[in-house]
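Spelled out, the chains give:
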Amino acid sequence: MERLQKVIAEAGITSRRKAEELILAGKVSVNGEVISKLGLKVSGKDIIDVDGVRLNRNVVRKYYILNKPRGVISSAIDEKGRKTVVDYIDTDVRIYPVGRLDYDTTGLIILTNDGKLANILAHPKNKIPKTYIAKIEGLLNKDDIDRLKSGIIIEGRKVFIEDFKIRDKDFEKKTSLVEITIVEGRNHIVKKIFESLKHPVIRLSRIKIAFLELGNLKSGQYRELTIKEVKKLYSLK
Ligand code: URA
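Residues numbered from 1 in each chain as written. Predicted model: local features only at pLDDT ≥ 70, side-chain atom pairs only at ≥ 80, totals over all residues. Heavy atoms only, no water.

K.L.:
Help me understand the sheet that holds strand 2 (residues 28–30) in this model?
P.N.:
What holds strands together in a sheet is hydrogen bonding between their backbones, with the strands either parallel or antiparallel. One open sheet accounts for 4 strands, arranged 3-2-5-6; its pairing is antiparallel. Each edge of the sheet is formed by a strand with only one pairing partner; in this case those strands are strand 3 (33–35) and strand 6 (53–54). Pairing of strand 2 with strand 3, which is carried by 3 bridges, proceeds in the antiparallel orientation. Along strand 3, the bridge assignment pairs Val30 with Glu33. (Pairing = 2+ DSSP bridges. Helix = DSSP H or I, 4+ residues; strand = E, 2+ residues; numbered from the N terminus.)

K.L.:
I'm lost on the site of the ligand in this one. Help?
P.N.:
Taken together, Leu101, Asp102, Thr105, Tyr132, His188, Ile189, Val190, Lys191 and Leu204 form the complete shell of residues around the ligand. The separation between an oxygen atom of the ligand and a polar side-chain atom of Thr105 is 2.9 Å. Between the ligand and Ile189 there is a distance of 3.4 Å, counted from a nitrogen atom to a backbone nitrogen or oxygen. Surface burial for the ligand is 97%, taken as the share of its 230 Å² of free accessible area covered by protein chains. Top contributing element to the shell around the ligand by residue count: helix 5 (residues 189–196), with 3 residues. Each residue belonging to the shell around the ligand can be placed in one class, and the counts come to 5 nonpolar, 2 polar and 2 charged. Taken together, domain 2 (63–124 + 216–234) and domain 3 (129–209) each give at least three residues to the shell around the ligand, which thus spans both. (Near = heavy atom within 4 Å. Polar contact = N/O pair within 3.5 Å; in protein donor to acceptor, adjacent residues only side chain to side chain. Areas by Shrake-Rupley, 256 points an atom, 1.4 Å probe, with all protein chains shown as cover. Nonpolar A, V, L, I, M, F, W, Y, C, P; charged D, E, K, R; others polar. Domains from an automatic or database assignment.)

K.L.:
Would you mind going over the domain arrangement of the protein with me for this structure?
P.N.:
It is common to report an interface's size as the accessible area lost on association of the parts. Under the domain assignment used here, the protein contains domain 1 (2–54), domain 2 (63–124 + 216–234) and domain 3 (129–209). Spacing between the C-alpha centres of domain 1 and domain 3 amounts to 41 Å.

K.L.:
Any chance you could explain the pairing of strand 10 (residues 130–137) here in plain terms?
P.N.:
Looking down a regular strand, the side chains alternate between one sheet face and the other. With 6 of its 8 residues buried, strand 10 lies for the most part within the structure. As paired elements, strand 10 and strand 14 (residues 175–182) share 8 bridges and run antiparallel to each other. The residue of strand 14 that forms the bridge with Ala134 is Val178. For strand 10 and strand 15 (residues 201–209), the ladder comprises 7 bridges, and the chain directions are antiparallel. Residue pairing across strands places Thr131 opposite Lys208, the latter belonging to strand 15. (Buried < 20%, exposed > 50% of the residue type's maximum accessible area, 1.4 Å probe, protein only.)

Below, the structure is given as structure tokens:
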């Protein structure tokens, strides 16, 4: 037996939080009976309808990585009709991105319809490392590097920097290219880290999530993950 919101999320149609909202809004029924409170557990035999549509609990699971271009929204739909990461993937299942990259951030993003894996990757307790390359204003001094090494407080909470390297320095233009690995999922976190050091980010790209790298995927290109990769991602729990 599993919680109703978990089963809805794992069917890949929405997040667990949104599934809770749908339940509370009276949009979910189990075996024909509307459920509007949280807490119900269901079995594999229960028939669940969400917004009048029968939940298919045996959908094919799909997993992709995309090299997200700049100027693309990291969500399944955009109210303003802008291009989203999902638009790049030719698939007949409803997938969504795991986590977010800013509109102007490029690089590696995972898309799937597997709510269980999405939860594993997004849950802070699993500490999934993500590596970014940032072009920042200015040249970092020893004090900046010490602050990065000891962890930066952002909005009252410390961000631990798992790894940090200066890749290049442009003394003429006074910019630096840095590589930073964090396990944090907070919005705009890399930009906030460098903002707090007074070295704002000019350009940002994610190059790695756990062991996954872009390889030869060019901007806008994607590929399906292999079964081996999916199993390895599951094992990060
Ligand atoms: N941190 C940011 O500031 N932006 C992103 O897109 C991802 C991480």
